[in-house]
Amino acid sequence: METASSQGQSNDLAEDRTAAQRYMIRVNGVLHNVKNEDPRMCLAEYLRSSLHLCGTKTMCYEGGCGCCVVVLEYDNPAKPEKRIIKSMNSCLFPIGSLLSLKNHQVITVEALGSVKKGLHPIQQRLADYNGSQCGFCSPGFVMQMFGHASLWMGSLLPDHTHLTDPMLSTLEGGGSGQHLHL
Ligand code: FES
């Protein structure tokens, strides 16, 4: 039989769970709790310093150089059947803003490919045609092209990266019928 204290405890747990979910952001298919982070911290800084995803570079911190570009996707409140996919400068985007975007996901260059895992076709093309100079900003260029290509052709994430997040089911086909290969 459930006692008042155990019921109180389970209510607390439910509240904790809800609160925890409220502060989750999804990066490359994995949920991260940002409750203890400063919501004004820019996404680029969070990716690099907290998640150690250093493929996203930073330089100007004012939206000018493009080396920090990542791709963001989320449900379109006006057209639930179509998700919004856009590339954006992560140096200008505070992590707190992600929390209001339904079923959002941040995709960084790590989700696309690497020399070890195999290059994404966009990365391969850049390498084949000498599209880099020093290479520092190349991940940003790749993500910019990936965002545009995904916008027109649907998500172009490679099959070889796998989601560990059980909440993926809410994203699979989430409104658009489009399957996210992460
Ligand atoms: S660091 Fe230059 S555009 Fe973000």
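Please refer to the structure higher up on the page.
Treat the numbers as computed from the prediction; the structure is a model and nothing was measured.

A. Looking closely at the overall build of the protein chain. Scanning the protein chain from N- to C-terminus turns up 6 helices and 5 strands. Listing the helices and strands of the protein chain from first to last along the sequence gives α-β-β-α-β-β-α-β-α-α-α. Split into buried and exposed, the 182 residues of the protein chain put 41% on the buried side. Restricting the contact set of the protein chain to residue pairs at least 6 apart, pairs at least 24 apart contribute 63%. Here the protein chain has roughly 10,300 Å² of accessible surface; of this, 55% comes from carbon and sulfur atoms.

B. The pairing of strand β3 (residues 69-75), seen in detail. The buried fraction of β3 amounts to 7 of the 7 residues, a majority that puts the element mostly inside the structure. Where β3 lies against strand β4 (residues 83-89), 7 bridges are found, and the strand directions are antiparallel. When the sheet's bridge partners are listed, L72 is paired in β4 with K86. Taken together, the 3 bridges between β3 and strand β5 (residues 105-107) define a ladder with antiparallel strand orientation. Counted as the bridge partner of L72 is V106 from β5.

C. Here's a closer look at a nonpolar patch on the surface. Where nonpolar side chains cluster on the molecular surface, the patch consists of L151, W152 and M153 and spans about 420 Å² of accessible area. Tracing the backbone shows W152 in helix α5 (residues 138-153).

D. Quick peek at the environment of K86. Tracing the chain through its elements places K86 in strand β4. Given the relative accessible area of 37%, K86 is considered partly exposed. Separated by 62 residues in sequence, K86 and H148 place their C-alpha atoms 7.1 Å apart. Among all residues touching K86, those that are not within four sequence positions of it are V70, V71, L72 and Y74.

E. Up close: the pattern of salt bridges. Counted under the stated rule, the structure contains 3 salt bridges. Where R40 meets D38, a salt bridge forms, and the shortest distance between an N and an O atom there is 3.0 Å. Taking the shortest distance from any N to any O, the salt bridge between R83 and E73 comes out at 3.3 Å. One end of the pair, R83, is in strand β4; the other, E73, is in strand β3, and 10 residues separate them in sequence.

F. Representation of the layout of surface pockets in the model. The space that makes up the second largest pocket amounts to roughly 250 Å³. Together, 14 residues line the second largest pocket, and V109, G113, S114, Q123 and P139 are the ones closest to its centre. Among the elements of the structure, α4 (121-128) and α5 are those that each provide at least two residues to the lining of the second largest pocket. Split into classes, the residues belonging to the lining of the second largest pocket amount to 6 nonpolar, 6 polar and 2 charged.

G. Focus on the pairing of strand β2 (residues 30-33). Where strand β1 (residues 24-27) lies against β2, 4 bridges are found, and the strand directions are antiparallel. What sits directly across from V27, in β2, is V30. Connecting the antiparallel pair β1 and β2 is a turn made up of 2 residues, with N28 showing a positive phi of about 50°.

About the thresholds
- Residues numbered from 1 in each chain as written.
- Predicted model: local features only at pLDDT ≥ 70, side-chain atom pairs only at ≥ 80, totals over all residues.
- Heavy atoms only, no water.
- Helix = DSSP H or I, 4+ residues; strand = E, 2+ residues; numbered from the N terminus.
- Buried < 20%, exposed > 50% of the residue type's maximum accessible area, 1.4 Å probe, protein only.
- Contact = heavy atoms within 4.5 Å.
- Areas by Shrake-Rupley, 256 points an atom, 1.4 Å probe, with all protein chains shown as cover.
- Pairing = 2+ DSSP bridges.
- Patch = residues over 30% accessible without salt bridge, like charges linked within 9 Å, V, L, I, M, F, W, Y side chains within 5 Å.
- Salt bridge = Lys/Arg side-chain N within 4 Å of Asp/Glu carboxyl O.
- 1 Å grid on protein atoms, 1.4 Å probe; cavity = no way out; pocket = protein on both sides within 12 Å on 5 of 7 lines; lining within 4 Å.
- Points joined across faces, edges and corners; volume = space filled by probe spheres on them.
- Nonpolar A, V, L, I, M, F, W, Y, C, P; charged D, E, K, R; others polar.

Don't take any of this as a statement about function, it's just geometry.
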